[in-house]
Amino acid sequence: MSKLNYLLQTVLIFLISRFKSSELSLILHEIFNMANFYPLTVQKIKALTPNSVAITFTIPKDLIQTFNFIAGQYITIKKEIKGKELRRAYSISSTPTCEGITIGVKKVDRGGFSDYAHNKLKVGDVLEVMPPEGRFVYKPTSANKNIIAFAAGSGITPIMSIAKTVLESNPDNNFVLVYGNKSYKETMFYTDLVKLQLEYTNRFHIYFILSQTQEDESIFGRIEASTVNFVLNNKHKNLDFNDYYLCGPEAMIQLVTNNLKEKGITEDKIHFELFTSTEIKDELPEKPDGKTALKVIVDDEEFSLSMDKGSLVLDAVLKENIDAPYSCQGGVCSSCIARVKEGKADMVKNQILTDGEIAEGLILTCQAHPTTPTLTVDYDDV
Ligand code: FES
């Protein structure tokens, strides 16, 4: 028997003799799911604006497959800060063909991960990172594509990856970007965008919309219906767009979506990613009373617990130390999707799942309260 096998056998015998089977199941689950996060070394930190940085991670050779991604996806970083485990999702700005993975981090909190990333993180530090995921993606094809994106603030991060991928994947592709910020000084990836424009002069068109300063080569104001009309009906009326990518705060996404729908653009062509993670939890109009017997299936293991109907499914699951997937806990990132196999749950907020997906039984567990005495959710079947 090899030394490693002997060691594993000794650890298992110790665990079996020491813990009850339900506790053992949780411990083993925890051990095997540590693999969901991988240690990645920070290779580079670059200031983008006074309040945002780009962080590049080195991907070791044996993790290249695991960290393969599609343009538009995000990674989740896990970090313990002041004794509390934080998980934050950040979109990837680099392209799948680049070495390493780069994310954009805007400082939004005091004492949270983005504060740590700005003030303490150094080149050479190692962070726990979950492999890329997300459904806001652009999959390159050999067909010629015309793509337009509307981004505001840090919503530019996944659009950087999508824009470069669109432009690189076919010499006839066109990309139009409408990008809103307060000023050039606060425009993330400004220099990279200008360089990209010089590289693809006739195929990459940018409209900088600035709300606080009047500057050259920009439009003063915010992204509004008039901006959408100006770009689509005036500047690019001869381009037939295949897809529309929207990324930024909810109000901007709703405004642009409504405008596009009024123009007859069908929903399947409009892709969006919300970029406002909220700490404030929405509530159901009436909090349901009573308890629910909850069954959770994750990574082929089954767990049973009792929870208050007034609590959120993900909160109850995490309280039991079950390693369910999650990131933002604000109904924004989509990592916590599970399928209801039995029973019923209502979501307090949903801007991610389509009506069809909800009818199929999918829920965002970070937003869902059980409404039946029993509920079974399966994180594996999504
Ligand atoms: S954890 Fe992000 S949507 Fe639920």
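For clarity, every value in this text was computed on a predicted model and none was experimentally measured.

Chemist: Please explain the pairing of strand 6 (residues 126–133) as it appears in this structure.
Modeler: Regular strands show a simple pattern: their side chains alternate between the two faces of the sheet. As defined by bridge partners, strand 1 (residues 38–49) adjoins strand 6 across 4 bridges and the pair is classed as antiparallel. What sits directly across from Thr41, in strand 6, is Val126. Sheet topology note: the strand 3 (residues 74–81)/strand 6 ladder contains 4 bridges and is antiparallel. Paired with Ile77 across the two strands is Val129, which belongs to strand 6.

Chemist: Hey, could you run me through the sheet that holds strand 15 (residues 337–342) in this one?
Modeler: Each strand in a sheet pairs with its neighbour through backbone hydrogen bonds, running either in the same direction (parallel) or in the opposite one (antiparallel). Across the sheet, 5 strands lie side by side as 14-13-19-15-17; this open sheet has mixed pairing. Both outer strands of the open sheet, strand 14 (301–308) and strand 17 (362–364), are each paired with one neighbouring strand and no more. Geometrically, the sheet is characterised by an average inter-axis angle of 35° between neighbouring strands, direction not taken into account. Taken together, the 3 bridges between strand 15 and strand 17 define a ladder with antiparallel strand orientation. Within strand 17, the residue paired with Arg339 across the bridge is Leu362.

Chemist: I would appreciate a short explanation of the sheet that holds strand 7 (residues 146–152) in the present structure.
Modeler: Strand order in the open sheet formed by 6 strands is 10-9-8-7-11-12, with parallel pairing between adjacent strands. In the strand order of this sheet, the two ends are held by strand 10 (218–220) and strand 12 (270–274), each with one partner. Neighbouring strand axes in the sheet, compared pairwise and without regard to direction, differ in orientation by 15° on average.

Chemist: In this structure, what is going on with the pairing of strand 2 (residues 52–58)? I would like to understand it.
Modeler: Burial analysis of strand 2 places 6 of its 7 residues in the buried class, the great majority of the element. Bridging between strand 1 and strand 2 involves 7 bridges; their strand directions are antiparallel. By the bridge assignment, Thr49 is partnered in strand 2 with Ser52. Hairpin connection, strand 1 to strand 2: the antiparallel pair is bridged by 2 residues. As judged from the 6 bridges shared by strand 2 and strand 5 (residues 101–106), these two strands associate in the antiparallel manner. For Val53, the partnering residue across the bridge sits in strand 5 and is Val105.

Cut-off values and rules
Residue indices begin from 1 for each chain and proceed along its sequence in written order. In keeping with the predicted nature of the model, local features appear solely for residues at pLDDT of at least 70, side-chain atom pairs appear and are counted solely at 80 or more, and the whole-chain, interface and lining totals rest on all residues. By definition, two strands form a pair when at least two bridges between them are found by DSSP. Only DSSP runs of H or I covering at least 4 residues are called helices, and only runs of E covering at least 2 are called strands; the numbering of each starts at the N terminus. Whenever a helix is involved, its axis is fitted only over the stretch in contact; in every case the axis is a line through C-alpha atoms, and angles between N-to-C directions fall within 0 to 180 degrees. Each residue is classed by its C-beta neighbour count within 10 Å, where at least 20 other C-beta atoms makes it buried, 12 or fewer makes it exposed, and intermediate counts make it partly exposed; the C-beta atoms are placed from backbone geometry.

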